[in-house]
Amino acid sequence: MSVGTGRVLRMAYLVASVAGVGFFALSVVLLGYWPKQVLDAQTRAMGPEFVLELTPSATRGRAVYAREGCAYCHTQQIRYLASDHARFGAPTLAWETRRDYPHLWGTRRIGPDLSRAAGTRPDDWQLAHLFAPRALVAQSVMPAYTSLFDGAPDRPRQEARDLVAYLNTLGRARELAGAEGESRAQQACNCADDEMAQMAFHGSLNTHPAQARRTREAPMLPDAGDLPRGQRLYAARCASCHGPRGEGDGPGAVALLPAPTNVTEHEYASARIGAALWNGVAGTAMPAWRDYSPEDLAALVAAVRALSAPGTEAELPAGLLERGRQTYREHCVQCHGERGDGAGPAAAELTIAPADLTSGRATLARTVATLRSGIPGTPMAPWTARLANADLIAVAHYVRSLYEPAAGAAR
Ligand code: HEC
Ligand code: HEC
Ligand code: HEC
């Protein structure tokens, strides 16, 4: 080997090691430091001035979430994808998780994204689901977290309550930022022409299709639903709560308040069932089924109607309805409304909407039982202490007479 070649080789080692260290430093700057600077600046510019701290309970719940490995199956980061946007709401902005350290974004999307889980399900659903996911969602692969309970879904330990408190904070920061926060973020983003970035600002935040909403919207459904298909869907999706025969006795019914409706004791106008499926029943565990096609929804309507058998009505003694009407005007109008459509003056203040008595009715026996014991978990209280028995029976007959089988609107 000549002296010259030795020098070149030594130089090559030097060049290679300097270049190696150089590229390492460059990648740290480009992939670590620079994005952090950009994100920090973006977070400062787009985030609201104040972001609420978690409560002590939610902080403990966050630790339970991390410990139990929820993040192995659930992400907390909605991507800039149309499919994510439709299922979970607006894509997550950087500032939304700025208090989240260490972060729980997750990477595997086996279960739904939970970024905006707050408010999508009521607490009774969350607890019953953590205790036994398959009692509510028949084909779920989520493990049961029975160790967070004292043997029953309605006996949660502090850890389960904390975990639900934590779930109820997810997405809250963005929601609390409100319209003001949105316009601040949009201005700072300065991205009016960037279609992808605009996704983060489109539509309402909590657009989870299963989030129950309190609207009277009813979907346009085909007139005749495919009954066998509806029965298959019912068995897979609804029987877990409403029971195989619709009697409200599925495995999920145990801990839900209000309990799933016993549909065999009810008759409904088709549009009412369609609206209940489209909107869910806000304030209860009844989810909305907005990701179903109109054909599937119509099939489900047929399946529910097949379970609920309308009875024959007895002739009523004269004066009974009039007595019932007076009792109704005195005691029930403020919630159920003049016409019985559930739009009384107090209705807006109630979490669970008063029943629309024009588009559905229960059997006489069920109606009397409802008036005697109320509907636990809802503002419908028992009336035995306030009404004489004769008035109670009269008003039961009266509210049943309000039913119109062809009623178009729902609650
Ligand atoms: C093995 C994967 C897996 C693990 C671990 C897991 N989940 Fe799930 N989770 C799922 C799947 C799949 C679903 C969808 C089916 C269902 O609703 O049960 C789901 C659904 C949910 C939902 C309902 C979301 C919605 O909008 O419908 C919540 C809330 C939830 N999980 C919370 C948790 C929490 C809290 C933990 C940890 C204690 C956890 N999950 C652990 C797989 C998992
Ligand atoms: C997680 C449990 C659960 C599941 C799953 C469920 N429901 Fe419900 N359902 C409820 C609860 C709770 C109520 C409300 C009871 C109340 O308001 O008193 C309800 C109410 C209803 C009502 C009455 C609505 C009204 O306007 O009075 C109908 C009809 C109904 N469900 C049909 C279905 C169908 C069809 C499915 C399947 C696609 C289904 N439910 C799935 C829990 C469930
Ligand atoms: C404070 C408001 C309020 C008052 C007052 C009230 N209700 Fe209700 N009622 C409700 C709510 C809320 C529901 C629906 C709960 C649910 O979704 O399960 C309901 C449900 C019902 C149902 C059940 C319908 C069904 O499909 O099963 C009947 C029947 C009923 N009310 C009759 C009456 C009568 C009769 C009176 C007067 C004596 C009355 N209510 C007074 C709030 C009220």
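Look above for the structure.
Once a new chain begins, its residue numbering starts again from 1 and follows that chain's sequence as written. Naming scheme: in the order in which they are written, chains are lettered from A and ligands are numbered from 1. Local features in a predicted model are, by the rule used here, given only for residues with pLDDT of at least 70; side-chain atom pairs are given and counted only at 80 or more, and totals for whole chains, interfaces and linings are based on all residues. Only heavy atoms go into the side-chain values, all of them from the structure, while hydrogens and water stay out.

Chemist: Looking at this structure, I do not really get the site of ligand 3. What am I missing?
Modeler: Residues in close proximity to ligand 3 total 22 residues, the closest being His266, Cys332, Cys335, His336 and Met380. Throughout this description, a polar contact denotes any pair of N or O atoms lying within 3.5 Å of each other; where both atoms belong to protein, one of them has to be capable of donating a hydrogen while the other can accept it, and for residues adjacent in sequence the pair is counted only when both atoms sit in side chains. Between ligand 3 and His266 there is a distance of 2.8 Å, counted from an oxygen atom to a side-chain nitrogen or oxygen. Taken together, the elements giving at least two residues each to the shell around ligand 3 come down to α13 (333-336), α14 (364-373) and α15 (389-401). In terms of residue count, the dominant contributor to the shell around ligand 3 is α13 (three residues). Looking at the shell around ligand 3 residue by residue, the classes come out as 15 nonpolar, six polar and one charged. What makes a residue near a molecule or strand is one non-hydrogen atom of that residue sitting within 4 Å of it. Each helix is a run of H or I in the DSSP string that is no shorter than four residues. Each strand is a run of E no shorter than two, and both are numbered from the N terminus. Gly counts as polar in this scheme, as do all residues outside two lists: the nonpolar Ala, Val, Leu, Ile, Met, Phe, Trp, Tyr, Cys and Pro, and the charged Asp, Glu, Lys and Arg.

Chemist: Teacher, can you tell me more about the coordination of the iron atom of ligand 3 here?
Modeler: Ideal geometry at a metal centre: 109.5 degrees between donors when four sit tetrahedrally, and 90 or 180 degrees when six sit octahedrally. Around the iron atom of ligand 3, the donor atoms from the protein are His336 (NE2) and Met380 (SD), and they sit 2.0 to 2.2 Å away. Here the coordinating atoms are restricted to nitrogen, oxygen and sulfur within 2.8 Å of the metal centre, or 3.2 Å for Na, K and Ca, and because water is not among them the sites may look incomplete. Here the metal geometry follows the donor angles, with tetrahedral for four donors whose angles all fall between 85 and 135 degrees, square planar for four and octahedral for six when opposite donors are more than 155 degrees apart and every other angle is between 65 and 115, and irregular for all the rest. With six donor atoms in place around the iron atom of ligand 3 and angles of 88 to 179° between them, the coordination shape is octahedral. Of this pair, His336 sits in helix α13 while Met380 sits in the loop between α14 and α15, and the two are 44 residues apart along the sequence.

Chemist: Please clarify how the packing of helix α9 (residues 227-242) against helix α11 (residues 294-307) should be interpreted in this entry.
Modeler: Each pair of packed helices gets described by two things: the angle between the helix axes and the distance between those axes. Remark: α9 packs on α11, axes separated minimally by 7 Å, with the N-to-C direction vectors making an angle of 85°. Compared by their axis directions, α9 and α11 come out roughly perpendicular. Along its contact with α9, which presents Leu227, Arg229, Gly230, Gln231, Leu233, Tyr234 and Cys238, the element α11 presents Asp296, Ala299, Leu300, Ala302, Ala303, Ala306 and Leu307. Residues belonging to the contact of α9 with α11 are distributed by class as follows: 10 nonpolar, two polar and two charged. Orientation is described by lines fitted to C-alpha atoms, with helices fitted over the stretch in contact, and by angles between N-to-C directions that extend from 0 to 180 degrees. An angle below 35 degrees is read as roughly parallel, one above 145 as roughly antiparallel, one from 65 to 115 as roughly perpendicular, and any other as oblique. Only heavy atoms enter the contact rule, under which two residues are in contact if any of them lie within 4.5 Å.

Chemist: Just to check I follow, could you spell out the packing of aromatic side chains for this structure?
Modeler: Centre distance and the angle of the planes are the two values used to describe a pair of aromatic rings. Put simply, two rings from Phe, Tyr or Trp (the six-membered ring, in Trp's case) pair if the centres are within 6.5 Å, and we call them stacked under 30 degrees between planes, edge-to-face over 60, tilted for the rest. Overall, the coordinates contain four aromatic pairs when judged by the stated rule. Centre to centre, the rings of Phe131 and Phe149 are 5.2 Å apart; their planes meet at 80°, and the pair counts as edge-to-face. One end of the pair, Phe131, is in helix α4 (residues 123-131); the other, Phe149, is in the loop between α5 (133-136) and α6 (158-167), with 18 residues separating them in the sequence. Across the pair, exposure class does not vary: Phe131 and Phe149 are buried alike. Both rings, one in Tyr328 and one in Tyr398, keep their centres 5.4 Å apart while their planes meet at 55°; by these two values the pair is tilted. Here Tyr398 lies in helix α15 and Tyr328 lies in helix α12 (residues 320-331), a separation of 70 residues in the sequence. For Arg121, the ring lying beneath its charged end belongs to Trp125, and the centroid distance is 4.0 Å. Think of it in three bands: residues with accessible area under 20% of the maximum for their type are buried, residues over 50% are exposed, and the middle band is partly exposed, with areas taken using a 1.4 Å probe on protein chains only. We call a charge positioned above a ring when the Lys NZ or Arg CZ atom is no farther than 6 Å from the ring centre and deviates by at most 35 degrees from the ring normal.

Chemist: Help me understand the site of ligand 1, please; the structure alone is not making it clear to me.
Modeler: Around ligand 1, a shell composed of 22 residues is seen, among which Cys70, Cys73, His74, Ser140 and Met142 lie nearest. At 2.7 Å from a nitrogen atom of ligand 1 is found a side-chain nitrogen or oxygen belonging to His74. Between ligand 1 and the protein, one listed contact pairs an oxygen atom with a side-chain N or O atom of His208 at 2.8 Å. Among the elements that make up the shell around ligand 1, the one with the highest residue count is α4 (four residues).

Chemist: Help me understand the state of the cysteines in this model?
Modeler: By definition, a disulfide is the covalent link that joins the sulfur atoms of two cysteine residues. Cysteine sulfurs are considered disulfide-paired once they come within 2.5 Å of each other. The final tally for this structure, using the stated rule, is one disulfide. Shown here is the disulfide that connects Cys189 with Cys191, its sulfur atoms set 2.1 Å apart. Taking the sign of the S-S torsion, 110° for the link of Cys189 and Cys191, the bridge is right-handed. Classification of Cys189 as partly exposed rests on a relative accessible area of 22%. With a relative accessible area of 9%, Cys191 lands in the buried category.

Chemist: I keep staring at a nonpolar patch on the surface and nothing clicks. Help me out?
Modeler: Each patch is built from residues lacking any salt bridge and having more than 30% relative accessible area; the joining distance is 9 Å for like charges and 5 Å for nonpolar side chains (Val, Leu, Ile, Met, Phe, Trp, Tyr). Each accessible area is a Shrake-Rupley result for a 1.4 Å probe, and residues are judged covered by the shown protein chains and nothing else. Between Lys or Arg on one side and Asp or Glu on the other, a salt bridge is scored when a side-chain nitrogen of the former is within 4 Å of a carboxyl oxygen of the latter. Taken together, Phe23, Leu26, Val29, Leu30, Leu31, Tyr33, Trp34 and Val38 make up a surface patch of nonpolar side chains, about 880 Å² in accessible area. Following the sequence through the fold, Trp34 ends up in helix α1 (residues 3-46). Given a relative accessible area of 53%, Trp34 falls into the exposed group.

Chemist: Whenever I open this one, the environment of Ala239 confuses me. Can you help?
Modeler: Considering the arrangement of structural elements, one finds Ala239 in helix α9. When the C-alpha positions of Ala239 and Leu136 are compared, they lie 8.8 Å apart, and in sequence the two are 103 residues distant. In this structure, Ala239 is in contact with Tyr234, Pro244, Gly250 and Pro251, ignoring residues within four places of it in sequence.

Chemist: Would you explain the packing of α12 against α15 in this entry?
Modeler: Between α12 and α15, whose axes approach to 7 Å, the crossing angle comes to 95°. Judged by the angle between their axes, α12 and α15 are roughly perpendicular. Seen from α12, the contacting residues are Leu320, Leu321, Arg323, Gly324, Arg325, Thr327 and Tyr328; seen from α15, they are Ala390, Asp391, Ala394, Val395, His397, Tyr398, Val399 and Ser401. Across the contact of α12 with α15, the residue classes tally to eight nonpolar, four polar and three charged.

Chemist: I would appreciate a short explanation of the nonpolar core in the present structure.
Modeler: Tyr65, Leu114, Leu130, Leu148, Phe149, Leu163 and Leu170 are the most contacted members of the largest nonpolar core, which totals 20 residues. Broken down by secondary-structure element, the contributors of at least two residues to this core are α2 (56-67), α4 and α6. Broken down by element, this core gets its largest block of residues, five residues, from α6. Beyond its immediate stretch of four places on either side in the chain, Leu163 contacts Gly61, Val64, Tyr65, Leu130 and Leu148. Here the nonpolar core consists of buried residues drawn from Ala, Val, Leu, Ile, Met, Phe, Trp, Tyr and Cys, with membership extended through side-chain atoms lying within 4.5 Å.

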